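One letter stands for each residue in the lines below.
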Amino acid sequence: MTLKETQALEERYLMRTYKRAPVDFVRGEGPLLWDAAGNRYLDFLTGISVCSVGHCHPQVVKAVHEQSHRLIHVSNLFYTEPMARLAERLAESSLGGRVFFSNSGTEANECAIKIARKHAHGRGIGEPEIVSFEHDFHGRTYGALSATPGLAANEALGPMLPGFRSVPRNDAAALREAVGERTAAVLIEPIQGEAGVFPISEEALLAAREACDEAGALLIFDEIQTGVGRTGSLWAYEQTPVRPDVITSAKALGGGFPIGACIAGPEAAEVLEPGDHGSTFAAGPVATAAALAVLEIVDDPVLLRHVRELGAYLREKLEALDGVAETRGRGLMVGVGLAEGIDAAAVGADLLDRGLVVNVPRPDTLRLLPPLVIDSDHVDLAVGLIEESLLGFSQR
Ligand SMILES: *Cc1c(COP(=O)(O)O)cnc(C)c1O
């Protein structure tokens, strides 16, 4: 099928929820992608921080292949070994409590929201409230959507769930003010990803921890984008001064297979009881086997140090370019703020033409989420393409 034919089917039969770039990918290997016409691309987006171990990593392919030949699905009414082993690995590598598996990031947050509300009811709070930062992104289902201030403002999708409020990003004083008797949880991204890569300040994170401790509320970090090694530690919170009570994971966890996880520390882990929550597909043997293969690769101090070092190298090279005003982020989660007057969407489209896949989360920002397994040659190649592209734009 040609790209035009695929586009015609998409135009006729898919709901109009996405504005897609005019490329049909057919193959991936490591940091590379190929389209149907045979053009090669360097992927600095990885399906929005999903294929962090690169495309079709042999260990992930092997795990999926072997598991899918043995058993694909039985439901959560039974035991399977990959489910149990993955839960152990996630809990022991983070907060030490228990895990609930889901099929996506937004569902991982739904679990966290349920835990927060039930935990609050257990403390006698009748109408619990969850506090987030403006520009946070937590997902598209109604609970997570209600905690996503920018999207929750869309009245055409209303009404949103009650019990959610937000304060300006990084405003520690406003956060302390907002957290009180009714607060069930503070739910935040330690680095806002969809907003354009904005790290939350240590001051604001400490304020969130203190306010939650005083109120008896849970501190929940949405690590769906920042987790699984993206920032150079397995979880982003490890590089902050605080330890959350609950974290949520998804995106890179399954190496491309749909899986999410809500990981709770010892106290929050005991909140949900039989009947409180569930999912037919979640914790399936193929997705959990894929995730175990991913963690085998990523949960490695050598690779995580590589991510921190390469991230620093990438940002240093980017900051030396004409047309780059600033870079933001940690590890290989990098926002590139462009100089005033440069349209990031036009740069993003131009880079795709040149064979570099990036994302444009804001009119002034490129977002880079390359595979964690790239080396400095890939960085040099990408920065070279960005430099060439920006030359064409800064002159105008
Ligand atoms: C992508 C993302 C989500 C939503 O995950 P889905 O799998 O698309 O539901 C939630 N929170 C953050 C921080 C994300 O980056």
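Residues numbered from 1 in each chain as written. Predicted model: local features only at pLDDT ≥ 70, side-chain atom pairs only at ≥ 80, totals over all residues. Heavy atoms only, no water.

## Let's talk about the overall build of the protein chain
Convention followed: A helix here means a DSSP run of H or I that spans at least four residues, while a strand means a run of E at least two residues long, and both kinds are numbered starting from the N terminus. Buried means the residue's accessible area, taken with a 1.4 Å probe over protein chains only, is under 20% of the maximum for its type, while exposed means over 50%, and partly exposed covers the values in between. Note on contacts: a residue pair is in contact if any heavy atoms of the two residues lie within 4.5 Å. Just so you know, the count uses Lys and Arg for positive and Asp and Glu for negative, and it drops His and the chain ends. One atom stands in for each charge, and that atom is NZ of Lys, CZ of Arg, CG of Asp or CD of Glu.
Check the secondary structure of the protein chain and you find 13 helices and 17 strands. Taken along the three principal axes of its C-alpha coordinates, the protein chain extends 60 × 55 × 45 Å. Each of the 396 residues in the protein chain was classed as buried or not, and the buried ones make up 53%. Within the protein chain, residue pairs in contact and separated by at least 24 positions form 71% of the contacts whose partners lie at least 6 positions apart. Charge centroids of the protein chain, computed over 35 positive and 54 negative side chains, lie 3 Å from each other.

## Let's talk about the domain arrangement of the protein chain
Worth spelling out the cut-off: The source of the domain bounds is an automatic or database domain assignment. As a working definition, buried area equals the accessible area (1.4 Å probe) given up by two parts on being put together, with both sides summed. Only one rule defines a salt bridge in this text: a Lys or Arg side-chain nitrogen within 4 Å of an Asp or Glu carboxyl oxygen. Polar contacts, as counted here, are pairs of nitrogen or oxygen atoms within 3.5 Å of one another; within protein the pair requires one atom able to donate a hydrogen and one able to accept it, and residues that are adjacent in sequence qualify only if both atoms are side-chain atoms.
Assigned domains within the protein chain: domain 1 (3-57 + 301-394) and domain 2 (59-298). The distance between the C-alpha centroids of domain 1 and domain 2 comes to 26 Å. Together domain 1 and domain 2 conceal approximately 2,500 Å² of surface at their shared face, both sides included; 62% is due to carbon and sulfur atoms. For the domain 1 face of the interface with domain 2, the top three residues by lost area are His 57, Arg 330 and Met 333, together amounting to 30%. Put simply, domain 1 and domain 2 have one salt bridge between them. In this structure, Arg 367 engages Glu 194 in a salt bridge whose closest nitrogen and oxygen atoms are separated by 2.8 Å. Our count for the contact surface shared by domain 1 and domain 2 stands at 14 residue pairs in polar contact (both at pLDDT 80 or more).

## Details of helix 12 (residues 344-354)
Listed as buried for helix 12 are Ala 344, Val 347, Gly 348, Asp 350, Leu 351 and Leu 352. Backbone nitrogen of Ala 345 and a side-chain oxygen of the N-cap are separated by 3.0 Å at the start of helix 12; the cap is Asp 343. Positioned one or two residues after helix 12, Gly 355 has a phi angle of 95 degrees, which is positive.

## Re helix 9 (residues 202-215)
Which entries qualify depends on this criterion: Expected helix span is given by 1.5 Å per residue-to-residue step, counting one fewer step than there are residues.
End to end, helix 9 covers 20 Å across 14 residues, agreeing with the expected 20 Å (1.5 Å per residue, within 8%). All of the buried residues in helix 9 are Ala 204, Leu 205, Ala 207, Ala 208, Arg 209, Ala 211 and Cys 212. On its buried face, helix 9 sits against strand 5 (129-133), helix 8 (172-178), strand 7 (183-188) and strand 10 (218-222). The first or second residue beyond helix 9 is Gly 216, which carries a positive phi of 80 degrees.

## Structural notes on the layout of surface pockets
Note the threshold: The way it works is a 1 Å grid over only the protein atoms, where trapped points that fit a 1.4 Å probe form a cavity and open points with protein on both sides within 12 Å along at least five of seven lines form a pocket, and then any residue with an atom within 4 Å of a point lines it. Grid points are joined across faces, edges and corners, and a volume is the space filled by probe spheres set on the points. The residue classification treats Ala, Val, Leu, Ile, Met, Phe, Trp, Tyr, Cys and Pro as nonpolar and Asp, Glu, Lys and Arg as charged. All others, Gly included, are polar.
Volume-wise, the second largest pocket comes out at about 650 Å³. The wall of the second largest pocket is formed by 26 residues, among which Arg 98, Val 99, Phe 100, Ala 269 and Leu 272 lie closest to the centre. For the lining of the second largest pocket, the secondary-structure elements that each account for two or more residues are helix 4 (81-92), strand 4 (98-102), helix 5 (105-122) and strand 12 (260-264). Among the elements that line the lining of the second largest pocket, the one with the most residues is strand 4, at four residues. Looking at the lining of the second largest pocket, its residues break down into 17 nonpolar, six polar and three charged.

## Re the side chain of Thr 80
The topology assignment puts Thr 80 in the loop between helix 3 (58-70) and helix 4. You can call Thr 80 buried: its relative accessible area is 11%.

## Here's the deal with the site of the ligand
Under the convention used in this document: Whether a residue is near a molecule or strand depends on its heavy atoms: it is near if one of them lies within 4 Å of it. For every accessible area listed, the method is Shrake-Rupley and the probe measures 1.4 Å; residues are considered covered only by the protein chains on display.
Looking at the ligand, the residues that line it are Ser 104, Gly 105, Thr 106, Asn 109, Phe 137, His 138, Gly 139, Glu 189, Asp 222, Ile 224, Gln 225 and Lys 251. Contact distances for the ligand include 2.8 Å between an oxygen atom and a backbone N or O atom of Gly 105. Note that an oxygen atom of the ligand is positioned 2.6 Å from one of the side-chain N or O atoms of Lys 251. For the ligand, the accessible surface in isolation is 380 Å², of which the surrounding protein chains cover 82%. Considering every element that reaches the shell around the ligand, the biggest residue donor is helix 5, with three residues. Of the residues belonging to the shell around the ligand, the class tally is two nonpolar, seven polar and three charged.

## What about the pattern of salt bridges?
A full pass over the atoms with the stated rule returns 20 salt bridges. Connected through shared salt-bridge partners, Arg 89, Glu 296 and Asp 299 make up one network.

## Let's talk about empty space enclosed by the protein
Under the defined criterion, the tally for this structure stands at one cavity of 30 Å³ or more. By volume, the largest cavity is sized at about 50 Å³. Lining the largest cavity are 13 residues, and of these Val 74, Ser 75, Ala 283, Gly 284 and Pro 285 sit closest to its centre.

## Focus on unusual backbone geometry
In this structure, Pro 159 follows Gly 158 across a cis peptide bond, with omega equal to -5 degrees. Tracing the backbone through its elements, the reader meets Pro 159 in the loop between helix 7 (149-152) and strand 6 (164-167). Although it is not a glycine, Ser 49 adopts a positive phi angle of roughly 60 degrees. Within the element layout of this structure, Ser 49 appears in helix 2 (residues 46-49). Judged by its relative accessible area of 1%, Ser 49 is buried. Not every positive phi belongs to a glycine, and Asn 170 is a case in point at roughly 70 degrees. Summarising the element assignment, Asn 170 is placed in the loop between strand 6 and helix 8.

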